[in-house]
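A structural walkthrough
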Amino acid sequence: MAFQIVLNALLAIIWMLLANDPTVVGFVVGYAIGMLFLFALRRFFKEPFYLRKVWATFKLLALFAKELVLSNIAVIGHILRPRLNVRPGVFAYRTELRSDWEITILSCLITLTPGTLTLEVSPDQGTLYIHAIDIRDADELKAQIKGTFERAIREVTR
């Protein structure tokens, strides 16, 4: 992916020099033309076209922002209620992610979301122990993590 980004930037610079247009607009036009060129030649690269992973990264960041806002609203709702009606607890979450990087990202995303905290990762790196401020249904929380964060991380890394 990094090779394709650098190659695209080089194509943009070459375009700027050939078009005699050393401006930001010239670079952007050259970058777009280089992107089309790399897309046309994507079958000659070992890795898939880099824009797919860039798009998946933006989707992961947008998903995190959405979950952050929703969980903040839920935590504020718990705080503002006159009677605290929460069921805190710890549950084990079995993950399909295997690399250290993937598990670290998942753990950080869970911890950065208010109301949840990754307590520990098992020695075999297959289970995360997560504390949640309100566990009504642990299976529902597991399905939510698997369907959102874990799926988005797999799109970025694989």
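Scope of this entry: the structure provided in the associated data block. If you're wondering where the values come from, they're calculated on a predicted model, not measured in any experiment. (Residues numbered from 1 in each chain as written. Predicted model: local features only at pLDDT ≥ 70, side-chain atom pairs only at ≥ 80, totals over all residues. Heavy atoms only, no water.)

Overview of the pattern of salt bridges
Scanning all chains against the criterion turns up 10 salt bridges. Between E155 and K59 there is a salt bridge, with its nearest N and O atoms 3.1 Å apart. Pair noted here: E155 is in helix α5 (residues 138–157) and K59 is in helix α3 (residues 50–80), with a separation of 96 residues, a long-range link. For E155, a relative accessible area of 28% translates into the label partly exposed. Notably, a salt bridge pairs K66 with E67, separated by 3.8 Å at the nearest N-O pair. Under the relative-accessibility criterion, K66 is labelled partly exposed at 45%. Take E67: its relative accessible area is 10%, and that puts it in the buried class. (Salt bridge = Lys/Arg side-chain N within 4 Å of Asp/Glu carboxyl O. Helix = DSSP H or I, 4+ residues; strand = E, 2+ residues; numbered from the N terminus. Buried < 20%, exposed > 50% of the residue type's maximum accessible area, 1.4 Å probe, protein only.)

So, the packing of helix α1 (residues 2–19) against helix α2 (residues 24–40)
Where α1 contacts α2, the axes come no closer than 7 Å and their chain directions differ by 130°. In terms of orientation, α1 and α2 fall into the oblique class. The two elements α1 and α2 meet at a crossing, and its hand is right-handed. Between α1 and α2, the residues in contact are Q4, I5, L7, N8, A9, L11, A12, I13, W15 and M16 and G26, F27, V29, G30, Y31, I33, G34, M35, F37 and L38, respectively. (Axes fitted to C-alpha atoms, helices over the stretch in contact; angles between N-to-C directions. Parallel < 35°, antiparallel > 145°, perpendicular 65-115°, else oblique. Left-handed = near helix turned anticlockwise from the far one by under 90°. Contact = heavy atoms within 4.5 Å.)

Focus: the environment of P82
Along the chain, P82 turns up in the loop between α3 and β1 (89–94). Sequence separation of P82 and K53 is 29 residues, and the distance between their C-alpha atoms is 46 Å.

Observations regarding a nonpolar patch on the surface
Together, W15, V25, V29 and I33 make up a nonpolar patch on the protein surface, roughly 340 Å² of accessible area in all. Inspection of the secondary structure assignment puts W15 in helix α1. (Patch = residues over 30% accessible without salt bridge, like charges linked within 9 Å, V, L, I, M, F, W, Y side chains within 5 Å. Areas by Shrake-Rupley, 256 points an atom, 1.4 Å probe, with all protein chains shown as cover.)

Quick look at the nonpolar core
Counting 20 residues, the largest nonpolar core has F91, L106, I110, I130, I145 and F149 as its most contacted members. For this core, the elements supplying multiple residues, two or more each, are α3, β1, α4 (100–112), β3 (127–132) and α5. In contact with I110, not counting residues within four places along its chain, are T116, L117, T118, L128, I130, I145 and F149. (Core = buried A, V, L, I, M, F, W, Y, C linked by side-chain atoms within 4.5 Å.)

So, the packing of aromatic side chains
Applying the stated criterion across every chain, the model contains 4 aromatic pairs. On the basis of an interplanar angle of 65° and a centroid distance of 6.2 Å, the ring pair of F3 and F45 is categorised as edge-to-face. Here F3, found in helix α1, pairs with F45, found in the loop between α2 and α3; they are 42 residues apart in sequence, far enough to count as distant. Take F45: its relative accessible area is 21%, and that puts it in the partly exposed class. Aromatic pair F39 and F49: ring centres 5.3 Å apart, planes at 75°, arrangement edge-to-face. Residue F39 is located in helix α2, and its partner F49 is located in the loop between α2 and α3; the two are separated by 10 residues in the primary sequence. On the basis of relative accessible area, F49 is assigned to the buried category, the value being 13%. In this structure an aromatic cluster arises from ring pairing among F39, F49 and Y50. The ring of F39 carries R42 above its face, with NZ or CZ at 4.0 Å from the centroid. (Phe/Tyr/Trp six-rings, centres within 6.5 Å; stacked < 30°, edge-to-face > 60°. Lys NZ or Arg CZ within 6 Å of the ring centre and 35° of its normal.)

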